[in-house]
Amino acid sequence: MDCAGRGSQSPCSGLATRRCSRCRVVAYCSISHQVSHWSVHKKECERLQQQMKRAHVLSDFPFTYTQEASEKREVRCSLLIKHGIHRTGMWMCECSCEGSSTLFNQSRLLEGWNLPSALCPCKGLSSPIPELTSWKDYYEWRCIPLCSPAALLLHWPLTIYWAIRLATLKSLIPAISNELRIHYLGPEKELLQLSVFGELCALFPGIRVQMDLVGPAIPQHRDGEKIDLYTYAKCNQIDCQCKDSVENLSQRVFEDDSSAVILRLHAGFYHDRYRDVAKDFFPHLIIAPNAGIAAYTSWLPTIELIKEIEVPAVFSDYCEEASHLAACCLTATTGCASTIPIQLNPFRQPLPVEESPLFLPCYSNCFVFGM
């Protein structure tokens, strides 16, 4: 935890262990830094107090392992080790002990869940898709027990589902018929978890999903790479029907012999690559997960571009305060209020981020908002 008064006239005197007694969100290394920072902090202190009062709602999940982790104060590694998925396959960057930056360079698609079939959605649908508004709805529909950690990866496609639902309800995009086109900005961890987007086949049945992933974390040698997802990510059971490629292929290929989900990778910032990306198709929606708009100045030209091309965009962030600051940046840049107000994402990742700059609880894809 960094001192909130860092950068003032005097250097920090030690660890930031002195928390604001009002909001309990920011911390300081000394009384002097706390006093000098008050002119800045007093503008946000009451807002942070209100956010802390609502913080308990963020941890309301139906999963058995989230309750156990909270009671025992376990870290992610412990949970992953229990399921035998620690530092394996798509799970490699889901804990703090595994640096993922060097792994993004691999072009090999990691296809497996490394879980038994009973714990992951590796097979076709047993029933038509209902209206999904919670993790419990989704797990019941896909016949997965609530002890399964699959939501730690599934929050990516489920957040896309929720963004499409919000944009449709707000009449920002028309009802999707046979094709869904998405520009997906700033992927990082997702680059090691691309197979999980095969679940979009289930979430948007009968619809071909074309998604361009654009961001500086994509290695240059992967620029332009095209990935066709014909199937769901597979389980680790040799005798499971998900290994029957012929059956899955017949279920997942459309009449024009194209795959259900097409992913294309583009290295660089969206405002620099937009012309190249949009020449193939104009998007229905732009989605930017865990955007950090207020933290990175590189977002300014991208926001201006999004306003210019008049494509609706849905963003997410780790906590309510980050979302609030981001929404203020959007309004200041575009001159318009948010079309989708800040709201809790029911499909946020169910384990908190272990390292946070604030004492506010943070979850991947925690809050969503849009322009």
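Residues numbered from 1 in each chain as written. Predicted model: local features only at pLDDT ≥ 70, side-chain atom pairs only at ≥ 80, totals over all residues. Heavy atoms only, no water.

Now for helix α6 (residues 151–169). The axis of α6 is deflected most strongly, by about 35°, at P157. Taking burial as the measure, the 19 residues of α6 include 16 buried ones, the bulk of the element. In the segment just after α6, S171 is the residue with positive phi, at about 60°. (Bend = angle between axes of the 7 residues up to and from the residue. Helix = DSSP H or I, 4+ residues; strand = E, 2+ residues; numbered from the N terminus. Buried < 20%, exposed > 50% of the residue type's maximum accessible area, 1.4 Å probe, protein only.)

Two elements in contact, helix α9 (residues 270–278) and helix α10 (residues 299–309), have axes separated by 9 Å at closest approach and are oriented at 40°. As summarised for this structure, α9 and α10 are arranged oblique, according to the angle between their axes. Taking contact as the criterion, the partners of Y270, H271 and Y274 in α9 are, on α10, P301, T302, L305, I306 and I309. Residues that form the contact of α9 with α10 fall into these classes: six nonpolar, two polar and no charged. (Axes fitted to C-alpha atoms, helices over the stretch in contact; angles between N-to-C directions. Parallel < 35°, antiparallel > 145°, perpendicular 65-115°, else oblique. Contact = heavy atoms within 4.5 Å. Nonpolar A, V, L, I, M, F, W, Y, C, P; charged D, E, K, R; others polar.)

Inspection of the entire model under this criterion finds 18 aromatic pairs. Ring centres of F61 and Y363 lie 5.7 Å apart, and the angle between their planes is 55°; on these two criteria the pair is classed as tilted. Placement of the pair is F61 in the loop between α2 (55–58) and α3 (64–72) and Y363 in the loop between β9 (340–344) and β10 (367–370), with a sequence separation of 302 residues. Across this residue pair, the class does not change: F61 and Y363 are buried. (Phe/Tyr/Trp six-rings, centres within 6.5 Å; stacked < 30°, edge-to-face > 60°.)

Attention shifts here to unusual backbone geometry. For N290, which is not glycine, the phi dihedral falls at a positive 45°. Of note, N290 is situated in the loop between β7 (285–288) and α10. The residue E310 is not glycine, and still its phi comes out positive at about 60°. Checked against the element boundaries, E310 lands in the loop between α10 and β8 (313–317).

A few words on the UniProt feature "domain: MYND-type" (unreviewed entry) in the chain. Under the UniProt annotation, "domain: MYND-type" (unreviewed entry) lies at residues 3–45. The span residues 3–45 carries 35% helix and 9% strand; its end-to-end C-alpha distance comes to 15 Å. (UniProt positions renumbered as here; feature names shortened; annotations may be inferred.)

Among the seven residues that make up strand β6 (residues 261–267), seven are buried, leaving the element largely enclosed by the rest of the structure. Covered by surrounding structure in β6 are V261, L263, L265 and A267 together with I262, R264 and H266, the residues of both alternating faces. The pairing of strand β4 (residues 208–215) with β6 spans seven bridges and is classified as parallel. Residue Q210 lies in a different strand from β6, and its bridge partner there is I262. With four bridges joining them, strand β5 (residues 226–229) and β6 adopt antiparallel strand pairing. Each residue of the ladder has a partner; that of I227, found in β6, is L263. (Pairing = 2+ DSSP bridges.)

Here the focus is α9. Working note: α-helix, 3.6 residues per turn, so residues spaced by three or four point in the same direction. Those residues of α9 that fall on the buried side of the exposure criterion are Y270, R273, Y274, V277 and A278. Mapping the buried residues of α9 onto a view down its axis gives an arc of 140°, with all of them on the same face. For α9, the exposed residues lying more than 90 degrees away from the buried face are D272 and R275. Contacts from the buried residues of α9 go to β3 (179–185), β4, β6, β7 and α10. (Arc of directions from axis to C-beta.)

All right, on to the pattern of salt bridges then. Within this structure, the stated rule accounts for 14 salt bridges. A salt bridge links R264 to D280, with the shortest nitrogen-to-oxygen separation between them at 3.7 Å. With a gap of 16 residues between them, R264 in strand β6 and D280 in the loop between α9 and β7 connect regions that are remote in the sequence. Here R264 falls in the buried class, since its relative accessible area comes to 15%. Given the relative accessible area of 47%, D280 is considered partly exposed. A cluster of three or more residues bridged by salt bridges with shared partners is formed by E179, R181 and R208. (Salt bridge = Lys/Arg side-chain N within 4 Å of Asp/Glu carboxyl O.)

Within the secondary structure, H284 sits in the loop between α9 and β7. With relative accessibility at 17%, the residue H284 sits in the buried group. Look past the residues within four positions of H284 in its chain and what remains in contact with it is I173, I176, E179, L180, R181, V311 and P312.

Next up on the list: the nonpolar core. Counting 80 residues, the largest nonpolar core has W113, W135, Y138 and F197 as the members making the most contacts within it. Considering each element in turn, this core owes the most residues, 13 residues, to α6. The residues touching W135, leaving out its near neighbours within four places in the chain, are F61, P62, F63, A151, L154, H155, L158, P346, F347 and R348. Core analysis: the next-biggest nonpolar cluster, separate from the first, contains 22 residues, Y274, I286, F315 and L330 among them. (Core = buried A, V, L, I, M, F, W, Y, C linked by side-chain atoms within 4.5 Å.)

On to the environment of A118. Mapped onto the secondary structure, A118 falls in the loop between α4 (76–82) and α5 (135–141). Once the C-alpha coordinates of A118 and L58 are considered, the two residues, 60 residues apart in sequence, prove to be 27 Å apart. Filtering out sequence-adjacent residues up to four positions away, A118 remains in contact with C143, I144, P145 and Q237.

Within the element layout of this structure, S30 appears in the loop between β2 (27–28) and α1 (31–53). The exposure class assigned to S30 is buried, which follows from its relative accessible area of 15%. At 3.3 Å, the side chain of S30 forms a polar contact with the backbone nitrogen of H33. Discounting residues that sit within four places of it in the chain, S30 has contacts with S13 and R18. (Polar contact = N/O pair within 3.5 Å; in protein donor to acceptor, adjacent residues only side chain to side chain.)

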